[in-house]
Amino acid sequence: MENSAHLASLVVALGFVLGFAFGAVAHKANFCTMGAVADVVNMGDWGRMRMWLLAIAVAVAGANALDWAGLVDLSRSAYVAARCPWIAYVAGGLLFGVGMTLSSGCGSRSVVRAGGGNLKSLVVLVFLAISAEMTIRGLFAPARVEVLSAVAIQFDQGQDLPWVVATLFGVGRHGLQLWIAALIVIPLLFFVFRDRTFRATREHVFGGLVLGLVIVAGWYVTGHIGFVAEDPDTLQEAYLGSRTARPESLTYVGPVANTLAWLQFWADKTSKLSFGVAVVAGTLLGSFVYAILTRNFRWESFASAADTRNHIIGGILMGFGGVTAMGCTIGQGITGLSTLAIGSFLVFISIIAGAAVTMKIQYWRMLKEA
């Protein structure tokens, strides 16, 4: 019992360290998934998008290497469940993309910006957390469960590409896994590094590499360090320190909601810190420390009532969309993709589509009002 509590605390502490690294590096490299889409849509600049794709490539390679070596069992993660609620993934991703555009950043970016003194992002995070809780078990939950998640594709095993291909051809998953990962990672790396400007931008290369490795480390911490074959309480396998009781890595929508709940019920002895909450706290502090050390900490507030409205609506949409899609641009867009789950690809594409369409509408309205 005492060893289990110690191990859970270690997982939480390491989650804080990984969050700190994510916050500092994301601030330094100006990592922003919404900004990456905006750069491509509005200026044709692929620099930050390549950084995001590099993080994905590193995460896919590292996570599947851990799984193949038997150090982490990705099949136990929520992303590769046999049931794939594709309508929820697409709808949630689209709404999240709209929300992050209205909010000037996704959930992780809002945490990073809040650490740098952005009060707008702090407001976004509060509304995101409230909306996420309402979607998990509140007012929005029936729409999510009974409508959007009601339709699903049921796979024989898991919904990750190695399982799907192995089932189709009647071969072993283990032998296919690294080949399928390589078929995704190698083209991504070729696309990312073929651009001379990107190769010369050290911050983008550094950001993509480190953030991808942080995701891999997250899988190792929760899926290997936190794994026990027999929990003294349940006498069953357990993943200690993980709120989902599964191996997990970085994601922000659910953990932001859990952070608000933890703060509300601080005095409740049954309320325990989890890996996800520690990641959020670490990200906030990592960004804050970097901002202070580089002297770019700035208080920033809303420019107008319309600006306030957009950020509030954006936070609400991200909370609903992120829970419905089971993740955000980090949770599904890197962590989920690292498992090669089909649902994660659907969410990733939907988030980009939702953001791109919203940006085009905003641009059209700006021209109309000019």
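Preceding this paragraph is the structure being described.
My aim in this report is to walk through the structure given alongside it, one point at a time. (Residues numbered from 1 in each chain as written. Predicted model: local features only at pLDDT ≥ 70, side-chain atom pairs only at ≥ 80, totals over all residues. Heavy atoms only, no water.)

**A word on the packing of aromatic side chains**
Here is step 1 of the chain: Under the defined criterion, the tally for this structure stands at eleven aromatic pairs.
Here is step 2 of the chain: Aromatic pair Phe 22 and Tyr 252: ring centres 5.6 Å apart, planes at 40°, arrangement tilted. Of this pair, Phe 22 sits in helix α1 (residues 2-29) while Tyr 252 sits in the loop between β4 (238-239) and α12 (253-264), placing them 230 residues apart in sequence.
Here is step 3 of the chain: The exposure class assigned to Phe 22 is buried, which follows from its relative accessible area of 1%.
Here is step 4 of the chain: Where Trp 46 meets Phe 191, the ring centres are 5.6 Å apart and the plane angle is 80°; that geometry is what we call edge-to-face. Here Trp 46, found in the loop between α2 (33-43) and α3 (47-68), pairs with Phe 191, found in helix α9 (residues 173-193); they are 145 residues apart in sequence, far enough to count as distant.
Here is step 5 of the chain: Given a relative accessible area of 25%, Phe 191 falls into the partly exposed group.
Here is step 6 of the chain: Ring-pair connections join several aromatic residues into one group, and the members of that group are Phe 22, Phe 31 and Tyr 252.
Here is step 7 of the chain: In this arrangement the basic side chain of Arg 50 is found over the ring face of Phe 191, its NZ or CZ atom lying 4.4 Å from the centre. (Phe/Tyr/Trp six-rings, centres within 6.5 Å; stacked < 30°, edge-to-face > 60°. Helix = DSSP H or I, 4+ residues; strand = E, 2+ residues; numbered from the N terminus. Buried < 20%, exposed > 50% of the residue type's maximum accessible area, 1.4 Å probe, protein only. Lys NZ or Arg CZ within 6 Å of the ring centre and 35° of its normal.)

**Looking at helix α15 (residues 331-338)**
Here is step 1 of the chain: Within α15, eight of the eight residues are buried, leaving the element largely enclosed by the surrounding structure.
Here is step 2 of the chain: Of all the residues in α15, the buried ones are Gly 331, Gln 332, Gly 333, Ile 334, Thr 335, Gly 336, Leu 337 and Ser 338.
Here is step 3 of the chain: In this structure, the buried residues of α15 make contact with α3, α4 (86-102), α11 (202-225) and α16 (342-369).
Here is step 4 of the chain: The first or second residue beyond α15 is Leu 340, which carries a positive phi of 65°. (Contact = heavy atoms within 4.5 Å.)

**Quick word on the side chain of Arg 173**
Here is step 1 of the chain: When you line up the elements, Arg 173 lands in helix α9.
Here is step 2 of the chain: Apart from the residues within four sequence positions on either side, Arg 173 is in contact with Asp 67, Asp 160, Pro 162, Trp 163 and Ala 166.

**Some points on the packing of α3 against α15**
Here is step 1 of the chain: With their axes 7 Å apart at the nearest point, α3 and α15 run at an angle of 30° to one another. In this view, α3 runs roughly parallel relative to α15, as classed from their interaxial angle. You can see that α3 and α15 cross each other, and the crossing is right-handed. When α3 is examined against α15, the residues Trp 52, Ala 55, Ile 56, Ala 59, Val 60, Ala 63 and Asn 64 are found in contact with a partner set consisting of Gly 333, Ile 334, Leu 337 and Ser 338.
Here is step 2 of the chain: A per-class count over the contact of α3 with α15 returns eight nonpolar, three polar and no charged. (Axes fitted to C-alpha atoms, helices over the stretch in contact; angles between N-to-C directions. Parallel < 35°, antiparallel > 145°, perpendicular 65-115°, else oblique. Left-handed = near helix turned anticlockwise from the far one by under 90°. Nonpolar A, V, L, I, M, F, W, Y, C, P; charged D, E, K, R; others polar.)

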